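# Structural features, examined
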Amino acid sequence: MTVEKLNPTIGAYVSGVDLTQPFGEDVADELRRALAENLAIFLRDQPIDFAAHRRLAAVFGEAHVAPSTKPWRVPGFDEITRMHADENSTYVAGEDWHSDMSADPEPPMGSLLYLHTIPPLGGDTVFASMYAAWDALSDRMKAQLEGLSAVHDAVKAFGGLVPKGQALPCTSHPVVRIHPVTGRKALYVNRGYTTRIEGISERESEALLGFLFEHVQSPMFQCRFTWSPHAIAIWDNRCGQHMAIWDYFPQVRSGYRIQVKGEKPV
Ligand code: SIN
């Protein structure tokens, strides 16, 4: 297996492995290491079916079935979400910077997105390192943020998209979390879900979140993945954010995503 970094901060291409077939623990170990070291990894030409997608997700843990994905689940496969956009779409999933399902009490540690159909141009996904975003803050700002918690509300992300009456999670998480594998600190607020920093005034919260939402968008923390048909992106939600670029309307972009159970952020 070959792992080729996109830049020093985030993202790597992984090649020399066939994920359509069962693979050994040695490959699973290498995939886990590649993800821990690079935050997001990308594999091309992997025409996986649902069974192979499940097998790949199991490398990272048990599947996370988020309450918010209910309307888009593949019948018979609760953990597989259809990710589809075409000429009838009025929105696409993940158009703003976010960490997947961060309003869940135990948000998914990672996500595996497989796209079989991509537009002729566009439809990239951008990823950003929240280690880098944290590291780049001044010591004074870090001291200000340490110990604070923020509310993540799935209504902000999905409110207008799910059937009326569907319960959506809302949870408070630390503003900076420690990654359970690497031990590194990562900033953990995102524009998609985070509504308020607790323990400070509404105006202070708005100003601080506004600054942090801008801060995480720096190109210094990013990589950008240009999809090809049957590519797979695997990312770690605990130390990264991402954003889907919908610049291809009315073209079709289609595939499936599985998320993997994570832990309560600390
Ligand atoms: C997501 O946010 O999970 C979707 C990302 C994408 O479609 O590129």
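Residues numbered from 1 in each chain as written. Predicted model: local features only at pLDDT ≥ 70, side-chain atom pairs only at ≥ 80, totals over all residues. Heavy atoms only, no water.

## A short note on the UniProt feature "domain: TauD/TfdA-like" (unreviewed entry) in the protein chain
- Mapped onto the present numbering, the UniProt feature "domain: TauD/TfdA-like" (unreviewed entry) falls at residues 3–253.
- Within the segment residues 3–253, helix and strand shares are 22% and 29% respectively, and the terminal C-alpha atoms sit 26 Å apart. (UniProt positions renumbered as here; feature names shortened; annotations may be inferred. Helix = DSSP H or I, 4+ residues; strand = E, 2+ residues; numbered from the N terminus.)

## Quick notes on the sheet that holds strand E8 (residues 125–129)
- Taking strand neighbours across the sheet as the criterion, the three strands line up as E14-E8-E16 in an open arrangement whose pairing is antiparallel. The open sheet is flanked by strand E14 (222–225) and strand E16 (240–244), the only strands paired with a single partner. The mean inter-strand angle of the sheet, taken between neighbouring strand axes irrespective of direction, is 20°.
- When E8 meets E16, the two strands line up antiparallel, connected through five bridges. Residue Val-126 lies in a different strand from E16, and its bridge partner there is Met-243. (Pairing = 2+ DSSP bridges. Axes fitted to C-alpha atoms, helices over the stretch in contact; angles between N-to-C directions.)

## With respect to the environment of Asp-18
- Tracing the backbone shows Asp-18 in the loop between strand E2 (12–15) and helix H1 (25–38).
- Considered as a pair, Asp-18 and Ile-80 are 62 residues apart in the sequence and their alpha carbons are 21 Å apart.
- A polar contact is formed between the side chain of Asp-18 and the side chain of Thr-20, at a distance of 2.5 Å. (Polar contact = N/O pair within 3.5 Å; in protein donor to acceptor, adjacent residues only side chain to side chain.)

## Things to note about the site of the ligand
- Taken together, the neighbourhood of the ligand is formed by Met-83, Ala-93, Gly-94, His-98, Asp-100, Leu-113, Thr-125, Trp-235, His-242, Ala-244, Arg-253 and Arg-257.
- Contact between the ligand and His-98: an oxygen atom at 2.8 Å from a side-chain N or O atom of the residue.
- Taking Arg-257, its side chain carries an N or O atom lying 2.8 Å from an oxygen atom of the ligand.
- Contact with the protein chains hides 98% of the accessible area of the ligand, taken as 260 Å² for the molecule alone.
- If you list the elements that add at least two residues to the shell around the ligand, you get E16 and strand E17 (253–260).
- Taken together, the residues of the shell around the ligand sort by class into five nonpolar, four polar and three charged. (Near = heavy atom within 4 Å. Areas by Shrake-Rupley, 256 points an atom, 1.4 Å probe, with all protein chains shown as cover. Nonpolar A, V, L, I, M, F, W, Y, C, P; charged D, E, K, R; others polar.)

## As for H1
- An ideal rise of 1.5 Å per residue puts 20 Å on 14 residues; H1 measures up with 20 Å between its terminal C-alpha atoms.
- Within the sequence span of H1, burial applies to Val-27, Ala-28, Leu-31, Ala-34, Leu-35 and Asn-38. Around the axis of H1, the buried residues are gathered within 125° of arc, so they sit on the same side. Across from the buried face of H1, at angles greater than 90 degrees, the exposed residues are Glu-25, Asp-26 and Glu-37.
- As for H1, its buried residues are in contact with strand E1 (2–5), E2, strand E3 (40–43), helix H2 (50–58) and strand E15 (231–236).
- Following H1 by one or two positions, Leu-39 adopts a phi angle in the positive range, close to 70°. (Expected span 1.5 Å × (residues − 1). Buried < 20%, exposed > 50% of the residue type's maximum accessible area, 1.4 Å probe, protein only. Arc of directions from axis to C-beta. Contact = heavy atoms within 4.5 Å.)

## Details of the packing of aromatic side chains
- One pass over the structure, following the stated rule, counts eleven aromatic pairs.
- Among the aromatic residues, those joined into a ring-pair cluster are Tyr-13, Phe-42, Phe-127, Phe-225, Trp-227 and Trp-235.
- Note that Arg-177 overlies the ring of Tyr-188, its terminal NZ or CZ placed 4.7 Å from the centroid.
- Here the basic side chain of Arg-184 rests over the ring of Tyr-131, its NZ or CZ set 4.1 Å away from the ring centre. (Phe/Tyr/Trp six-rings, centres within 6.5 Å; stacked < 30°, edge-to-face > 60°. Lys NZ or Arg CZ within 6 Å of the ring centre and 35° of its normal.)

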